[in-house]
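Observations on chain architecture
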Amino acid sequence: MSNEMYIFSSNTAEIAVNSLIEEVELTPKPGLVDQENTGAHHDLTIDLMRRSANSLKETFEEIAFKSYGQTPSQLIRESIAEVGRRGEAHMFKATGGVNTHKGAIWALGLLVSAYSMGKGTYTVDKIVSAAGEIARFPDRFCKDTSTNGKRVIEKYSVAGARGEAQQGFPHIINYSFPILNQMRMDGVEEEEAQIYSLLSLIAHLDDTCILHRGGSDALMFAKECAKKVLIGGQFSCLRKLDEEFTKRNISPGGSADLLASTFFLDKTQTLTKLNKNEKKIEYTH
């Protein structure tokens, strides 16, 4: 069993890291780091983002290992939170103090934990439900420090990353995940389907990264722009939108974290289906 846990944990961590890299490499993305430019970020590069993602493999691996076959509990919540804090420190060391994936550690860490609880058998609905249950337990060891996210949540009365997780990631379930799959069913190219998925998040999420940088006016502008592109399907204007977001210092970083989380969930379901098919073949033989 122990060897099985190690292999599963390593594979799950690999999926999480690959999901982060897939998100950053998706191009073009308005206001975000991609393969063409750094968007509204002057302190980031795509190589830095890749390095940051790779630095988190051990963090996700440990979270998966600790969660394997478990159920949501106060102990699990605080155990993986402690791993996450060490992961943040490791990330900052790898990036020279630049915050690249702090929000992603929170979101993906919860999803990795929930997926590992089901030993790779959980559906997306079950994963986000378990993740939400974990997130609703308080972390008694978390220092009550003021952060940009907390200040934005209090100022604008929005859910933020914590609320999104505690509610079971509704923006993934209601928008990014179903839209990604619908676009594929419609025969849309994979990259375009992923852009659709991102735009659906920008159009509906009260993104605290946007609020922190530009306030409610910037958030409203970003949402309206994303909705227009989604409705019109004019992806030729994405680069112009990227220029506009960059000029206005708009970075939908919260949407980017949820997109990486969407990719993670998508990849886990592919593996789950493969495993089920393999078991069926073994059974018939």
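As a starting point, this report considers the structure included with it. Note that the coordinates shown come from a computational prediction; the quantities given were computed from them, not determined experimentally.

How each quantity is defined
- Residues numbered from 1 in each chain as written.
- Predicted model: local features only at pLDDT ≥ 70, side-chain atom pairs only at ≥ 80, totals over all residues.
- Heavy atoms only, no water.
- Helix = DSSP H or I, 4+ residues; strand = E, 2+ residues; numbered from the N terminus.
- Rg over C-alpha atoms; globule rule 2.2 N^0.38 Å.
- Buried < 20%, exposed > 50% of the residue type's maximum accessible area, 1.4 Å probe, protein only.
- Contact = heavy atoms within 4.5 Å.
- Areas by Shrake-Rupley, 256 points an atom, 1.4 Å probe, with all protein chains shown as cover.
- Disulfide = S-S within 2.5 Å.
- Phe/Tyr/Trp six-rings, centres within 6.5 Å; stacked < 30°, edge-to-face > 60°.
- Lys NZ or Arg CZ within 6 Å of the ring centre and 35° of its normal.
- Core = buried A, V, L, I, M, F, W, Y, C linked by side-chain atoms within 4.5 Å.

**Digging into the overall build of the protein**
Along its length, the protein carries 13 helices and zero strands. Going residue by residue from the N terminus, the α and β elements of the protein occur as α-α-α-α-α-α-α-α-α-α-α-α-α. What you see for the protein is a C-alpha radius of gyration of 18 Å, in line with the 19 Å of a compact globule of 285 residues. Referenced to the eigenvectors of the C-alpha coordinate spread, the extents of the protein come out at roughly 55 × 50 × 35 Å. The buried share of the protein, reckoned over its 285 residues, is 51%. Looking at the protein alone, contacts between residues at least 24 apart form 75% of all its contacts between residues at least 6 apart. As displayed, the protein offers around 13,800 Å² of accessible surface, 51% of which is attributable to carbon and sulfur atoms.

**A word on the state of the cysteines**
A disulfide bridge is the covalent bond that connects two cysteines by way of their sulfur atoms. One pass over the full model with this rule turns up zero disulfides. Of the cysteine sulfurs around Cys209, a residue in no disulfide, the closest is that of Cys225, at 18 Å. Given a relative accessible area of 29%, Cys209 falls into the partly exposed group. Of all cysteine sulfurs in the structure, the one in Cys225 sits closest to Cys237, which takes part in no disulfide; the separation is 8.7 Å. With a relative accessible area of 23%, Cys237 lands in the partly exposed category.

**Let's talk about the packing of aromatic side chains**
In this structure the tally under the stated criterion is five aromatic pairs. Seen from their ring centres, Tyr6 and Phe65 are 4.7 Å apart, and the 25° between their planes marks the pair as stacked. Taken together, the residues Tyr6 in helix 1 (residues 2-25) and Phe65 in helix 3 (residues 57-67) connect sequence positions 59 residues apart. The class of Phe65 is partly exposed, set by a relative accessible area of 27%. A centroid spacing of 6.0 Å and a plane angle of 85° characterise the contact between Tyr115 and Phe264, whose relative ring orientation is edge-to-face. Taken as a pair, Tyr115 in helix 5 (residues 102-117) and Phe264 in helix 13 (residues 253-284) lie far apart in primary sequence, 149 residues in all. Just as Tyr115 is buried, Phe264 falls in that class too. Counting every residue linked through ring pairs, the aromatic cluster contains Phe8, Tyr68, Tyr115 and Phe264. Over the face of the ring belonging to Trp106 we find Arg162, whose NZ or CZ atom lies 4.7 Å from the ring centre.

**Here we look at the environment of Arg151**
Structurally, Arg151 can be placed in helix 7 (residues 148-156). Distance in space between the C-alpha atoms of Arg151 and His212 is 8.5 Å, their sequence separation being 61 residues.

**Section: the nonpolar core**
Of all hydrophobic cores here, the largest spans 78 residues; its most connected members are Phe60, Phe169, Leu199, Phe264 and Leu265. Considering every element that reaches this core, the biggest residue donor is helix 5, with 11 residues. Setting aside residues no more than four positions away along its own chain, Phe169 makes contact with Ala107, Leu111, Val128, Ala131, Glu164 and Leu258. If you look at the next biggest cluster of nonpolar residues, it comprises seven residues, including Val24, Val33, Met49 and Val98.

**As for unusual backbone geometry**
Note that the residue after Thr27, namely Pro28, is joined by a cis bond; omega there is -5°. With respect to the helices, strands and loops of the structure, Pro28 is situated in the loop between helix 1 and helix 2 (46-55). The phi dihedral of Phe169 is positive, around 50°, even though this residue is not glycine. By secondary structure assignment, the location of Phe169 is in the loop between helix 8 (160-166) and helix 9 (170-185). Positioned with a positive phi, Asn249 is a non-glycine residue whose angle comes to about 60°. Inspection of the secondary structure assignment puts Asn249 in the loop between helix 12 (238-247) and helix 13.

**Topic: the side chain of Gln269**
For Gln269, the location among the structural elements is in helix 13. Relative accessible area serves as the criterion here: at 13%, Gln269 is assigned to the buried category. In contact with Gln269, other than residues within four places in its own chain, are Tyr122, Thr123, Val124, Ile127 and Phe177.

**Describing the side chain of Asp266**
Considering the arrangement of structural elements, one finds Asp266 in helix 13. Apart from the residues lying within four places of it in its own chain, the contact partners of Asp266 are Phe177, Leu180, Asn181 and Arg184.

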